[in-house]
Amino acid sequence: MNFGRGPSVVLNVGGTRYSFSREVLKDFPLRRVSRLHGCLSEQDVLEVCDDYDRERNEYFFDRHSEAFGFIMLYVRHGHLRFVPHMCELSFYNEMIYWGLEGSHLDYCCQRRLDDRMSETCTYYAAEEPNGGLEGKKGRRPPGAEGGKWLERMRRTFEEPTSSVAAQVLATVSILFVIVSMVVLCASTLPEWRTAENRSVEEQSRYTAESVREPSGIIEAICIGWFTAECIVRFIVSKNKCEFVRRPLNIIDLLAITPYYISVLMTVFTGENSQLQRAGVTLRVLRMMRIFWVIKLARHFIGLQTLGLTLKRCYREMVMLLVFICVAMAIFSALSQLLENGLDLGAKNKDYASIPAACWWVIISMTTVGYGDMCPITVPGRILGGICVVSGIVLLALPITFIYHSFVQCYHELKFRSARYSRSLSAEFLN
């Protein structure tokens, strides 16, 4: 700390005073308190706390003193629990203020917080490092006026609920996705394929072209819209490198690129050449247009919640995959031995090898049960029952962790959507 005098500092939180040395503040577990160590002027200090007494080197925070006492118990002993007779959301608000998250709570309190947030549909977003600078005393950072229209354009394309224009743009984009999906599904109909085959064999050429031409025009228009949308979002983005690394933008590129590759291959190979007719690559590229469905995640909180949950719960997903793989290795080996390896009179050819038995294990563990292969011996059937019960237990073990993460992600995205909806309401009022 380069501001203030004396070997120690005093934190006054709601009338309760805490004394610390300057070196302790440097690596203090609470992010807001540790920020005091880097303050160079009184103005920097007042951005962290509510008031400051230079003579006594005392920092004042107008916050709940009892809640801070429980937070200090976490700093000392590593356990964070709710204050008795205090609203869970209010205590969570205090945690966010001091720089803690819901994951710092003990497991029992995390469940209470999730249940409370589910009932009230409320989420407290973490404080942004540079947030609120624009609203303080009407001051704006340098260059804010020049980049204001870029920020509005970025919100229009990235946040569907931020303005009326953003909602209109999102609606148009959804319509293009639906139309493209309808054309893709219709192109796999037998009548559609028959018309294409006739056009290739040059039979009834006029009729085939009249059937095929509208679909090509619709596909080109949809691709043109998606391409223009992607280019504009890239231009108005703040960080171009981060824009390219985002999963949804990667999906957009995967959905757009196959069309241009197929067009180039058509130009170089010819419309009616043997390579064009037997080109498996082109058919694969056409089917990659199914990625357009994932573009709907930009406009629906449910799909965004699913993606964010999978991102945050990758450890639990890997754990679930390990459980399944271990069970598959054990049960497939045992089933192959009992059904085919002992040779007690009747061999079950469906279990001729361990890899073949793995299919039966995964179908049984997930309780799908196609019935395409099943054990015929008594030991094999007993093993099948154990496999089914084990699958139910193993699949259910990580579900609790994934569920709580899903609830938290849903409320986080819902809060962000409600925040932009409030700005949309203000736009209507103005």
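On a predicted model such as this, the values are computed, not experimentally measured, just so you know.

Participant: What is the right way to read the overall build of the chain from this model?
Facilitator: A tally of helices and strands in the chain yields 19 helices and four strands. Across the 430 residues that make up the chain, the buried fraction comes to 35%. Sequence separation of 24 or more characterises 64% of the internal contacts of the chain that already satisfy a separation of 6 or more. Taken as a whole, the chain presents about 25400 Å² of accessible surface, with 62% of it coming from carbon and sulfur.

Participant: Would you take a moment to explain the packing of aromatic side chains for this structure?
Facilitator: Both the distance between ring centres and the angle between the ring planes are used here to describe each pair of aromatic rings. Under the counting rule described, the total for this entry stands at 12 aromatic pairs. With centroids separated by 5.1 Å and ring planes inclined at 10 degrees, the aromatic side chains of phenylalanine 176 and tryptophan 225 adopt a geometry described as stacked. With phenylalanine 176 in helix H8 (residues 164–186) and tryptophan 225 in helix H10 (residues 205–236), the pair connects residues that are 49 residues apart, well separated along the chain. Among the aromatic residues, those joined into a cluster by ring pairs are Tyr18, Phe61, Phe68, Tyr97 and Trp98.

Participant: For this particular structure, what's the right way to read the environment of valine 172?
Facilitator: Along the polypeptide, valine 172 turns up in helix H8. Between the C-alpha atom of valine 172 and that of tryptophan 225, which follows or precedes it by 53 residues, the distance is 9.6 Å.

Participant: How should the pattern of salt bridges be read in this particular structure?
Facilitator: A side chain with one charge may pair with a side chain of the opposite charge, provided their charged atoms come close. Within the structure shown, the criterion is met by six salt bridges. Here glutamate 58 makes a salt bridge to arginine 56, at a shortest N to O gap of 3.5 Å. What makes glutamate 58 buried here is its relative accessible area of 1%. A salt bridge links arginine 81 to aspartate 106; the nearest nitrogen and oxygen atoms lie 3.2 Å apart. With a gap of 25 residues between them, arginine 81 in the loop between helix H4 (65–77) and helix H5 (88–98) and aspartate 106 in the loop between H5 and helix H6 (107–120) connect regions that are remote in the sequence. For arginine 81, a relative accessible area of 44% corresponds to the partly exposed category. The exposure class of aspartate 106 is buried, given its relative accessible area of 15%.

Participant: Can you help me understand empty space enclosed by the protein in this one?
Facilitator: Gaps left between atoms are located by rolling a probe of water-molecule size over the structure's atoms. Scanning the entire structure with this criterion turns up two cavities of 30 Å³ or more. Within this model, the largest cavity holds a volume of roughly 50 Å³. Considering the residues around the largest cavity, the lining is formed by Thr156, Phe157, Glu158, Pro160, Ala166, Leu169, Ala170, Glu229, Arg298 and His299. Those elements that provide at least two residues to the lining of the largest cavity are helix H7 (148–158) and H8.

Participant: Could you clarify how one ought to interpret the sheet that holds strand S3 (residues 51–53) in this entry?
Facilitator: Pairing between the strands of a sheet is mediated by backbone hydrogen bonds and can be parallel or antiparallel. With mixed pairing, the four strands of this open sheet are ordered in space as S2-S1-S4-S3. At either end of the open sheet lies a strand with only one pairing partner, and these are strand S2 (16–21) and S3. Averaged over all pairs of adjacent strands, the angle between their axes in this sheet comes to 20 degrees, without regard to strand direction. Docked against the sheet, H4 engages strand S1 (8–13) and S2, running at close to 35 degrees with respect to S2.

Participant: When you look at the packing of helix H17 (residues 354–365) against helix H18 (residues 378–396) in this model, what are you seeing that I'm missing?
Facilitator: Any two packed helices are characterised by how steeply their axes cross, that is the angle between the axes, and by the distance between the axes. At a minimum axis separation of 8 Å, H17 and H18 run at an interaxial angle of 60 degrees. As judged from the angle between their axes, H17 and H18 are oblique. The chirality of how H17 crosses H18 is right-handed. Counting all contacts with H17, which are made through Trp360, Val361, Ser364 and Met365, the residues of H18 involved are Gly384, Cys387, Val388, Gly391, Ile392, Leu394 and Leu395. Residue classes in the contact of H17 with H18 are distributed as eight nonpolar, three polar and no charged.

Participant: Just checking my understanding: could you explain the nonpolar core for this structure?
Facilitator: Counting 38 residues, the largest nonpolar core has Tyr59, Phe61, Phe91 and Trp98 as its most contacted members. Taken together, the elements giving at least two residues each to this core come down to S1, S2, strand S4 (58–61), H4, H5 and H6. The greatest single-element share of this core, amounting to seven residues, is contributed by H5. Apart from the residues within four sequence positions on either side, tryptophan 98 is in contact with Val13, Leu30, Arg31, Arg32, Val33, Phe61, Arg63, Phe68 and Ile71. Ile223, Cys230, Tyr259 and Trp292 belong to the second largest nonpolar core, which has 14 residues in total.

Participant: Hey, could you run me through the UniProt feature "transmembrane region" (unreviewed entry) in the chain in this one?
Facilitator: UniProt's entry tags residues 164–189, 216–236, 248–270, 290–310, 317–338, 350–370 and 382–406 with the feature "transmembrane region" (unreviewed entry), counted in the numbering of this structure. Across residues 164–189, helical content stands at 88% and strand content at 0%; the span's end C-alpha atoms are separated by 38 Å. The straight-line gap between the two end C-alpha atoms of residues 290–310 is 20 Å; of that span, 48% is helix and 0% is strand.

Participant: I keep staring at H5 and nothing clicks. Help me out?
Facilitator: It helps to recall that an α-helix has 3.6 residues per turn; residues three or four apart then point in one direction. Counting buried positions over the 11 residues of H5 gives nine, a clear majority of the element. Turning to H5, its buried residues number three or more, namely Glu88, Leu89, Phe91, Tyr92, Glu94, Met95, Ile96, Tyr97 and Trp98. Two residues or fewer past H5, glycine 99 is found with a positive phi of approximately 100 degrees.

Participant: When you look at the pairing of S2 in this model, what are you seeing that I'm missing?
Facilitator: Residues in a regular strand point their side chains to alternate faces of the sheet. Taken together, the six bridges between S1 and S2 define a ladder with antiparallel strand orientation. If you follow asparagine 12 over to S2, its bridge partner there is arginine 17. Linkage of S1 to S2, two consecutive antiparallel strands, is achieved through a turn of two residues, within which glycine 14 is found at a positive phi near 60 degrees.

Definitions and cut-offs
Residues numbered from 1 in each chain as written. Predicted model: local features only at pLDDT ≥ 70, side-chain atom pairs only at ≥ 80, totals over all residues. Heavy atoms only, no water. Helix = DSSP H or I, 4+ residues; strand = E, 2+ residues; numbered from the N terminus. Buried < 20%, exposed > 50% of the residue type's maximum accessible area, 1.4 Å probe, protein only. Contact = heavy atoms within 4.5 Å. Areas by Shrake-Rupley, 256 points an atom, 1.4 Å probe, with all protein chains shown as cover. Phe/Tyr/Trp six-rings, centres within 6.5 Å; stacked < 30°, edge-to-face > 60°. Salt bridge = Lys/Arg side-chain N within 4 Å of Asp/Glu carboxyl O. 1 Å grid on protein atoms, 1.4 Å probe; cavity = no way out; pocket = protein on both sides within 12 Å on 5 of 7 lines; lining within 4 Å. Points joined across faces, edges and corners; volume = space filled by probe spheres on them. Pairing = 2+ DSSP bridges. Axes fitted to C-alpha atoms, helices over the stretch in contact; angles between N-to-C directions. Parallel < 35°, antiparallel > 145°, perpendicular 65-115°, else oblique. Left-handed = near helix turned anticlockwise from the far one by under 90°. Nonpolar A, V, L, I, M, F, W, Y, C, P; charged D, E, K, R; others polar. Core = buried A, V, L, I, M, F, W, Y, C linked by side-chain atoms within 4.5 Å. UniProt positions renumbered as here; feature names shortened; annotations may be inferred.

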